[in-house]
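# Coordinate analysis (summary)
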Amino acid sequence: MTLYPYPPPLCIVCERFEPYTESCAAYPAEDGGIPIEILDGQWDHRKPAPGDRGIRFDPTDGYEKDSADAWLADAVNPDAEAITTE
């Protein structure tokens, strides 16, 4: 298995995130939940994403939309390479 150094998803600090169903207001569980590209951090959901119903990242208390850049920068090593595991 190969693990890529994508940043963590903003879902973790989003007001609308439902962790037990990996869903939210933009991507309800009954419609399949949040796409993997958003969950695995490949897509920055502060920007429009296909099928998001115009609903985007809404930070939980203690976070601001502008601070998401700082949070993402702290959470990922930009010099990291893909890691291959058995």
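Below is a summary of the structure that appears in this document. Here the residue numbers are simple positions, counted from 1 along each chain's written sequence. Restriction of local features to residues with pLDDT of at least 70 applies here, the model being predicted, together with a cutoff of 80 or more for giving and counting side-chain atom pairs; totals for whole chains, interfaces and linings are based on all residues. Side-chain metrics in this entry use all non-hydrogen atoms of the structure; hydrogen atoms and water are not considered.

Within the chain, the regular secondary structure consists of two helices and two strands. In this text, helices come from DSSP runs of H or I with a minimum length of four residues, and strands from runs of E with a minimum of two, each type numbered from the N-terminal end. Across the chain, helices and strands are ordered from the amino to the carboxyl terminus as β-α-α-β. For the chain, with 86 residues in total, the buried portion stands at 28%. Residue contacts are counted whenever heavy atoms from the two residues lie within 4.5 Å of one another. Put simply, 59% of the contacts in the chain that link residues at least 6 apart link residues at least 24 apart. Total accessible area computed for the chain in this model is approximately 5900 Å², and 52% of it derives from carbon and sulfur atoms. Only protein chains enter the area calculation, which uses a 1.4 Å probe; residues under 20% of their type maximum are buried, those over 50% are exposed, and those in between are partly exposed. For the area figures, the Shrake-Rupley method with a 1.4 Å probe applies, and any residue is considered shielded solely by the protein chains shown.

A word on the nonpolar core. Of all hydrophobic cores here, the largest spans 13 residues; its most connected members are Cys11, Phe17, Tyr27, Ile34 and Ile38. Setting aside chain neighbours within four positions, we find Tyr27 in contact with Gly33, Ile34, Pro35, Ile38, His45, Ala49, Pro50, Gly51, Asp52 and Arg53. In this text, buried Ala, Val, Leu, Ile, Met, Phe, Trp, Tyr and Cys residues form a nonpolar core when linked through side-chain atoms within 4.5 Å.

Turning next to the pattern of salt bridges. A pair is scored as a salt bridge if a Lys or Arg side-chain nitrogen falls within 4 Å of a carboxyl oxygen belonging to Asp or Glu. Throughout the structure, instances matching the rule amount to three salt bridges. One salt bridge in this structure joins Arg46 and Asp44, with 2.5 Å as the shortest N-O distance. Two residues, Asp52 and Arg56, come together in a salt bridge whose shortest N-O distance is 3.5 Å. Relative accessible area serves as the criterion here: at 4%, Asp52 is assigned to the buried category.

Time to look at the side chain of His45. Assignment of secondary structure puts His45 in the loop between α1 (36-39) and α2 (68-75). Accessibility expressed as a relative area gives 9% for His45, which makes it buried. In protein, a polar contact means a hydrogen-donor-capable atom and an acceptor-capable atom, both N or O and within 3.5 Å, with residues adjacent in sequence counting only if both atoms are side-chain atoms; elsewhere, any N or O pair within 3.5 Å suffices. Separated by 3.4 Å, the side chain of His45 and the backbone oxygen of Ile55 make a polar contact. If we ignore the near neighbours within four places in the chain, the residues touching His45 are Leu10, Ala26, Tyr27, Ile38, Asp52, Ile55, Arg56 and Phe57.

Moving on: unusual backbone geometry. The phi dihedral of Glu22 falls on the positive side, at around 45°, and the residue is not glycine. Tracing the sequence through the fold places Glu22 in the loop between β1 (2-3) and α1. Phi is positive for Arg53, which is not a glycine, with a value near 60°.

The subject of this paragraph is the environment of Pro28. Position of Pro28 relative to the elements: it lies in the loop between β1 and α1. It is 9.6 Å that separates the C-alpha atoms of Pro28 and Asp52, two residues lying 24 residues apart in sequence. If we skip the residues at most four places from it in the chain, Pro28 touches Ser23, Gly33 and Arg53.

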